[in-house]
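# Secondary and tertiary structure notes
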Amino acid sequence: MRIIAKNLVQNYEGLHAVNDISLEIPEGKIFGIIGKSGAGKSTLLRMISLLERPESGEIYFDGKRVDNLKKKDLIQERRKIGMIFQTFNLLTSRNAERNVAYPMEICHTPMEEIKKRCSELLELVGLTSKAKVGISKMSGGQKQRVAIARALATNPSVLFCDEATSALDPGTTRQVLSLIKEVQKKFNLTVIMVTHQMEVVRDACDEVAVINNGKIVEQGEVEKVFSNPQSDVTRDFLSNLKTETAKDAIEKGMLDDKMVTFSKGGKYILRFPENKTGEPVLSRITKSQNVGFNIFGAGVQYVKGKELGTLQMDIIGSEDDVEKVIKELESEGIVVEEAKI
Ligand SMILES: Nc1ncnc2c1ncn2[C@@H]1O[C@H](COP(=O)(O)OP(=O)(O)OP(=O)(O)O)[C@@H](O)[C@H]1O
Ligand SMILES: [Mg+2]
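Predicted, not measured: the structure shown is a model, and the values here were computed from it.

### A look at the sheet that holds strand β10 (residues 215-221)
What the six strands build is an open sheet, ordered β6-β7-β8-β3-β9-β10; its pairing is mixed. The open sheet terminates on both sides in strands that have one partner only, identified here as β6 (81-85) and β10. Pairs of neighbouring strands in the sheet enclose a mean axial angle of 15 degrees, with direction left out of account. Where strand β3 (residues 30-34) lies against strand β8 (residues 190-195), five bridges are found, and the strand directions are parallel. Its bridge partner lying in β8, G32 is registered against M193. This element, helix α9 (residues 232-239), spans β3, β9 (207-212) and β10 of the sheet and lies at about 110 degrees to β9.

Okay, here's the thing in structure tokens:
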């Protein structure tokens, strides 16, 4: 389903929570909406998921206006929507299977069909063995899987995710994102993913809109926004993003390992102790040795007032020269690790 929002406005007691937002969300893509806390993301999501009427503006599902529908028609449109939340919003009095069954019970789906669909969906999210387990006995990742299965129970064409991975650790976030990507492909869903984590945009989204103070400040394909950010808010989000190794990207399925070619010098992580972060060690070495450096990422951390630096890079040169350079770096007190790949 293709979603168009035109000039959406929502005010709360004089506060412009959403202040004239227009968006086109293409069908069959994962569309990210990123912004800082209070930017208006959830308010925007509540309007386009038809949970809350906009004060003004229009919303279209596949060309049909849906923001001004009467209750009965609204319920009909809402059937096309599945939602997942940061806090899972599951029924704690029910087990996993009964949670997945819940939206089908509301739609008066025959019992036999509910049973069949529950087992299909729990298999899809990898929780067949947990069907009878109570929600309170599940981990955050398992709860979000149940929530995804429940959201898919009524065969929606759109899936809205409001901070779906914000309560999860990085490994579990990775698994939940790959599950969302898998179901998106399988059912050709349009997915709208609200987040304050740029990692989520990077790892899961095709397009992104950056919002700030109730307005869109930047929008476009993720690759373009990452390679040439236009707004300060976007730059800020990007600067807080941890540099990734190729190994991380391969593990997440974001990079084909066959496409990774390493230059002769290999790939290294250099750790600079406090007294070395202020020194131009590398430029000194390039002058005295026959090697080049190709830098992929760099960062400084302040730990208890001490400045510690990290560099991720290739050392390019003959085997002997590279070895000599590594020895020299180590003699300067710099730790040189070979990135495991
Ligand atoms: N029902 C409401 N009544 C009054 N003010 C509200 C209501 N909902 C949101 N707001 C206000 O509107 C602004 C935008 O809130 P919103 O929840 O959309 O932000 P958000 O981007 O989702 O933030 P977060 O990342 O913290 O979830 C905030 O200043 C918030 O306090
Ligand atoms: Mg929110």
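### So, the domain arrangement of the protein chain
Frequently, the measure chosen for interface size is the accessible area that the parts lose on association. Taken domain by domain, the protein chain comprises domain 1 (3-245) and domain 2 (258-338). Centre-to-centre separation of domain 1 and domain 2, based on C-alpha positions: 41 Å.

### Topic: the sheet that holds strand β11 (residues 267-272)
Hydrogen bonds between backbone atoms are what pair the strands of a sheet, whose relative direction is either parallel or antiparallel. Read from one edge to the other, the open sheet built from four strands follows the order β12-β13-β11-β14, with strand pairing classed as antiparallel. Sheet topology places β12 (292-303) and β14 (335-338) at the edges, where each strand pairs with a single neighbour. Here the average twist between neighbouring strands, direction ignored, is 20 degrees. Two strands pair when backbone bridges link them, and β12 and strand β13 (residues 306-316) are joined in this way by 11 bridges, in the antiparallel orientation. Paired with N294 across the strands is D314, a residue of β13. Packing of helix α12 (residues 319-331) onto the sheet brings it into contact with β11, β13 and β14, and relative to β14 it is tilted by some 140 degrees.

### Notes on the packing of helix α3 (residues 96-106) against helix α4 (residues 111-124)
For the pair α3 and α4, the least separation of the axes is 9 Å and the interaxial angle reads 125 degrees. Considered as vectors, α3 and α4 are oriented oblique to each other. For the pair α3 and α4, the sense of crossing is right-handed. Every residue of α4 that contacts α3 at A96, E97, V100, A101, M104 and E105 is listed here: I114, R117, C118, L121 and L122. Taken together, the residues of the contact of α3 with α4 break down into eight nonpolar, no polar and three charged.

### A few points about the pairing of strand β4 (residues 56-61)
The side chains of a regular strand alternate, first on one face of the sheet and then on the other. Across five bridges, the pairing between strand β1 (residues 3-12) and β4 is antiparallel. Bridge assignment links V9 to a residue of β4, and that residue is S56. Examined bridge by bridge, β4 and strand β5 (residues 64-65) share two bridges and lie antiparallel to one another. By the bridge assignment for β5, Y60 is matched with R65. Hairpin connection from β4 to β5: two residues lie between these consecutive antiparallel strands, with D62 at a positive phi of about 50 degrees.

### Re the site of ligand 1
Neighbouring ligand 1 are Y12, L15, A17, G35, S37, G38, A39, G40, K41, S42, T43 and H196. Broken down by secondary-structure element, the contributors of at least two residues to the shell around ligand 1 are β2 (15-25) and α1 (41-48). A per-class count over the shell around ligand 1 returns four nonpolar, seven polar and one charged.

Scoring rules and cut-offs
Residues numbered from 1 in each chain as written. Chains lettered and ligands numbered in written order. Predicted model: local features only at pLDDT ≥ 70, side-chain atom pairs only at ≥ 80, totals over all residues. Pairing = 2+ DSSP bridges. Helix = DSSP H or I, 4+ residues; strand = E, 2+ residues; numbered from the N terminus. Axes fitted to C-alpha atoms, helices over the stretch in contact; angles between N-to-C directions. Contact = placed C-beta atoms within 7 Å. Domains from an automatic or database assignment. Parallel < 35°, antiparallel > 145°, perpendicular 65-115°, else oblique. Left-handed = near helix turned anticlockwise from the far one by under 90°. Nonpolar A, V, L, I, M, F, W, Y, C, P; charged D, E, K, R; others polar. Near = placed C-beta within 6 Å.

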